Amino acid sequence: MIRLQNAARFIYAIGLICLSVMGLFLKDFIVGRPPACAPNMSWFFMSSNFVLMAGAIGIITKKFGYPGSLVCGAAIFFFSYLFKIVPEFAKNDFISFLNNGPAWKILTLTGGCLIVADTFRNKNTFLLAGLIAISCFFMWAGIAHFLFSAFVDTLIPDYIPFHRFWTYFCGICLILAAIGLWIPALRKMAALLSSIMIFAWFLTLHIPRYLMHPEEKTELMAVFESLAIAALMLIVFIQFSGKKMMDVKS
């Protein structure tokens with residue numbers, strides 16, 4: 001399990017590094033796909049990618065994994081959520097707030113960093129905070145598969161038949177995963193199956209979509225995001241498999 005955990009942490013960190021490199025090229029901070037920064041602030045958000053990259057390298061080295069995880073989480077929360085998403089809330093109504101996919105994704109990636117930090121210091125508070133973020137994102141994404149099914153259908157490559165079936169099926173899986181993460185008898189299975197499902201999307205959806213539309217930067221973002229979240233759910237599975245998880249309250 002230790003080797004598997006190290007591999008999953010490495011992949012998660014690589015996903016963050018790739019997103020930070022993309023941010024440098026785009027002269028912005030793009031983790032979680034927040035709104036674009038104002039042109040006069042591009043230097044500020046572009047430079048923040050170095051903070052994220054430094055934290056991710058700390059995770060890879062393992063020696064600085066705990067502070068590196070917290071640095072990554074802080075960078076994503078401040079530069080994507082606090083400085084970009086929060087100002088947008090004041091401009092929109094409550095329904096728009098609930099339907100803000102990037103906001104949920106940013107919180108999930110932030111929570112993922114807390115979960116990675118938990119693997120170094122066994123801080124169950126970090127694990128629980130990360131699980132709350134993940135389950136909220138999964139629940140929102142699952143419901144969105146039904147509310148915006150026509151749009152989700154367009155995300156499925158043409159070589160996969162029965163688009164509407166897979167849209168609804170994946171929506172149900174996401175909702176069940178959000179619930180299963182909090183049921184002691186199901187949490188390990190929910191985490192593992194979520195990791196497998198998202199990794200399957202990485203292979204069958206996001207990589208082919210990027211290869212078909214290499215000019216679309218959001219498609220490349222989706223490749224790195226799906227890889228990172230698949231690794232994150234594998235980390236959650238490993239944490240649930242650990243003895244210390246017996247003390248975590250549902």
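Structure shown above.
Residues numbered from 1 in each chain as written. Predicted model: local features only at pLDDT ≥ 70, side-chain atom pairs only at ≥ 80, totals over all residues. Heavy atoms only, no water.

Asker: How should I be thinking about the overall build of the chain in this particular structure?
Answerer: Assigned secondary structure in the chain consists of 10 helices and 0 strands. Here the chain has a C-alpha radius of gyration of 17 Å; the compact-globule value for 250 residues is 18 Å, and the two agree. Across its three principal axes, the chain shows a C-alpha extent of roughly 45 × 45 × 35 Å. Split into buried and exposed, the 250 residues of the chain put 50% on the buried side. For the chain, contacts bridging at least 24 residues in sequence account for 71% of all contacts bridging at least 6. Looking at the chain as shown, the accessible area adds up to about 12200 Å², and 74% of this sits on carbon and sulfur atoms. Positive and negative side-chain charges in the chain, numbering 19 and 11 respectively, have mean positions lying 15 Å apart. (Helix = DSSP H or I, 4+ residues; strand = E, 2+ residues; numbered from the N terminus. Rg over C-alpha atoms; globule rule 2.2 N^0.38 Å. Buried < 20%, exposed > 50% of the residue type's maximum accessible area, 1.4 Å probe, protein only. Contact = heavy atoms within 4.5 Å. Areas by Shrake-Rupley, 256 points an atom, 1.4 Å probe, with all protein chains shown as cover. Lys, Arg positive; Asp, Glu negative; His and termini not counted. Charge placed at Lys NZ, Arg CZ, Asp CG, Glu CD.)

Asker: Looking at this structure, I do not really get the layout of surface pockets. What am I missing?
Answerer: Over the atoms, a rolling probe the size of a water molecule traces out where space has been left empty. The computed volume of the largest pocket comes to approximately 1100 Å³. Put simply, the parts of the chain that give the lining of the largest pocket at least two residues each are helix 5 (101-121), helix 6 (124-147), helix 7 (149-155), helix 8 (163-180), helix 9 (187-212) and helix 10 (217-241). Ranked by the residues each element gives to the lining of the largest pocket, the list is headed by helix 9, at 8 residues. Classifying every residue of the lining of the largest pocket by side-chain character gives 24 nonpolar, 9 polar and 5 charged. Computed from the structure, the second largest pocket encloses a volume of approximately 210 Å³. (1 Å grid on protein atoms, 1.4 Å probe; cavity = no way out; pocket = protein on both sides within 12 Å on 5 of 7 lines; lining within 4 Å. Points joined across faces, edges and corners; volume = space filled by probe spheres on them. Nonpolar A, V, L, I, M, F, W, Y, C, P; charged D, E, K, R; others polar.)

Asker: Even after reading the chapter, I still don't get the nonpolar core, so can you show me in this structure?
Answerer: The nonpolar side chains of soluble globular proteins are, as a tendency, buried together. With 66 residues, the main nonpolar core has Tyr 12, Phe 138, Met 233 and Val 236 as its most contacted residues. Mapped by element, the contributors of at least two residues to this core are helix 1 (2-26), helix 2 (42-61), helix 3 (65-89), helix 5, helix 6, helix 8, helix 9 and helix 10. Ranked by residues supplied to this core, first place goes to helix 10 with 17 residues. Setting aside its immediate chain neighbours within four residues, Phe 138 contacts Leu 174, Ile 175, Ala 177, Ala 178, Ser 194, Ile 198 and Met 233. (Core = buried A, V, L, I, M, F, W, Y, C linked by side-chain atoms within 4.5 Å.)

Asker: Please clarify how the packing of aromatic side chains should be interpreted in this entry.
Answerer: Each aromatic ring pair is specified by the distance between its two centres and by the angle formed by the two planes. For the coordinates displayed, the defined rule picks out 18 aromatic pairs. Where Phe 44 meets Phe 83, the ring centres are 5.9 Å apart and the plane angle is 50°; that geometry is what we call tilted. One end of the pair, Phe 44, is in helix 2; the other, Phe 83, is in helix 3, and 39 residues separate them in sequence. Taking relative accessible area as the criterion, Phe 83 reaches 38% and is therefore assigned partly exposed. Between Phe 137 and Phe 138, the aromatic rings sit 6.2 Å apart at their centres with planes inclined by 45°, giving tilted as the arrangement. Exposure remark for Phe 137: the relative accessible area of 10% places this residue in the buried category. Through a chain of ring-to-ring contacts, three or more aromatic side chains come together here, namely Phe 29, Trp 43, Phe 44, Phe 45, Phe 77, Phe 78, Phe 79, Tyr 81, Phe 83 and Phe 89. Cation over ring: Lys 84 sits above Phe 45, and NZ or CZ is 4.8 Å from the ring centre. Residue placement shows Arg 121 over the ring face of Tyr 66; its charged tip is 4.1 Å from the ring centre. (Phe/Tyr/Trp six-rings, centres within 6.5 Å; stacked < 30°, edge-to-face > 60°. Lys NZ or Arg CZ within 6 Å of the ring centre and 35° of its normal.)

Asker: Quick question: what am I supposed to make of a nonpolar patch on the surface here?
Answerer: Residues Ile 143, Leu 147, Phe 148, Phe 151 and Leu 155 make up a contiguous nonpolar surface patch of about 470 Å² in total accessible area. Among the secondary structure elements, those contributing two or more residues to the nonpolar patch are helix 6 and helix 7. Looking at where Phe 148 falls in the secondary structure, it is placed in the loop between helix 6 and helix 7. The class for Phe 148 is partly exposed, based on a relative accessible area of 37%. (Patch = residues over 30% accessible without salt bridge, like charges linked within 9 Å, V, L, I, M, F, W, Y side chains within 5 Å. Salt bridge = Lys/Arg side-chain N within 4 Å of Asp/Glu carboxyl O.)

Asker: Sorry if this is basic, but what is going on with the environment of Ile 2 here?
Answerer: Note that Ile 2 resides in helix 1. Assessed through its relative accessible area of 62%, Ile 2 is described here as exposed. Taking the C-alpha atoms as reference points, Ile 2 and Leu 131, 129 residues apart in sequence, are found 21 Å from one another.

Asker: So what exactly am I meant to see when it comes to the environment of Gln 5 here?
Answerer: By the element assignment, Gln 5 lies in helix 1. Separated by 229 residues in sequence, Gln 5 and Leu 234 have C-alpha atoms that sit 7.8 Å apart. In this view, Gln 5 contacts Thr 119, Ile 238 and Gln 239; residues no more than four positions away in its chain are not counted.

Asker: Got a minute to help me understand the packing of helix 1 against helix 5 in this structure?
Answerer: The relative placement of two packed helices is expressed as an angle between their axes plus a distance between the axes. Two elements in contact, helix 1 and helix 5, have axes separated by 11 Å at closest approach and are oriented at 145°. Our pair here, helix 1 against helix 5, has a crossing hand that is left-handed. Along its contact with helix 1, which presents Gln 5, Arg 9, Tyr 12 and Leu 16, the element helix 5 presents Leu 109, Gly 112, Cys 113, Val 116, Thr 119 and Phe 120. Of the residues in the contact of helix 1 with helix 5, the class split is 6 nonpolar, 3 polar and 1 charged. (Axes fitted to C-alpha atoms, helices over the stretch in contact; angles between N-to-C directions. Left-handed = near helix turned anticlockwise from the far one by under 90°.)

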